[in-house]
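Residue-level listing of the chains:
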Amino acid sequence: KKTRLNLSVFGFFSTLIIYGGIMNPASVIMWQNKINLQMIVSSYVVGLPFDIIHALSSFVFLFVLSKTMIEKLYRVKMKYGV
């Protein structure tokens with residue numbers, strides 16, 4: 001069911017896992033010529049505090065603003081039959 005809490009929790013985990021999972025190794029790939037596993041793991045470890053802050057802010061913003069967003073998306077869904 002589409003609730004504010006469900007959307008906020010999804011936003012938290014998707015930001016933490018998907019966004020952090022893509023951007024942390026991407027920074028290593030863009031800046032290093034010879035990449036090894038230690039570099040990738042260290043980018044995850046070093047980036048984890050920033051990823052957690054980013055995920056928490058996504059959770060808070062989604063929780064605060066999601067009621068309006070869900071209502072508007074529901075109206076679009078009903079209007080266009082999506």
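Just so it is clear, the model here is predicted, and its values are computed rather than measured.

(A) Region of the structure containing the overall build of the chain. Secondary structure summary: the chain contains 2 helices and 0 strands in total. Computed over C-alpha atoms, the radius of gyration of the chain comes to 17 Å, more than 25% over the 12 Å expected from 2.2 N^0.38 for 82 residues, which places it beyond the range of a compact globule. Relative to its 82 residues, the chain shows a buried fraction of 21%. Here the contacts in the chain between residues at least 6 apart in sequence split such that 70% fall between residues at least 24 apart. For the chain, the exposed area adds up to about 6600 Å²; of that, 73% sits on carbon and sulfur atoms.

(B) Quick peek at helix H2 (residues 37-80). Between its first and last C-alpha atoms H2 spans 48 Å; for 44 residues at 1.5 Å apiece the expected length is 64 Å, and the helix comes up short by more than 12%. The largest bend in H2 is about 55 degrees, located at Ser66. Of the residues making up H2, those classed as buried are Ile40, Ser43, Gly47, Asp51, Ala55, Ser58, Leu62 and Ser66. Contact partners of the buried residues in H2: helix H1 (4-31). One side-chain oxygen of the residue at the start of H2 lies 3.3 Å from the amide nitrogen of Gln38, identifying that residue as Asn36.

Conventions adopted
- Residues numbered from 1 in each chain as written.
- Predicted model: local features only at pLDDT ≥ 70, side-chain atom pairs only at ≥ 80, totals over all residues.
- Heavy atoms only, no water.
- Helix = DSSP H or I, 4+ residues; strand = E, 2+ residues; numbered from the N terminus.
- Rg over C-alpha atoms; globule rule 2.2 N^0.38 Å.
- Buried < 20%, exposed > 50% of the residue type's maximum accessible area, 1.4 Å probe, protein only.
- Contact = heavy atoms within 4.5 Å.
- Areas by Shrake-Rupley, 256 points an atom, 1.4 Å probe, with all protein chains shown as cover.
- Expected span 1.5 Å × (residues − 1).
- Bend = angle between axes of the 7 residues up to and from the residue.
- Polar contact = N/O pair within 3.5 Å; in protein donor to acceptor, adjacent residues only side chain to side chain.

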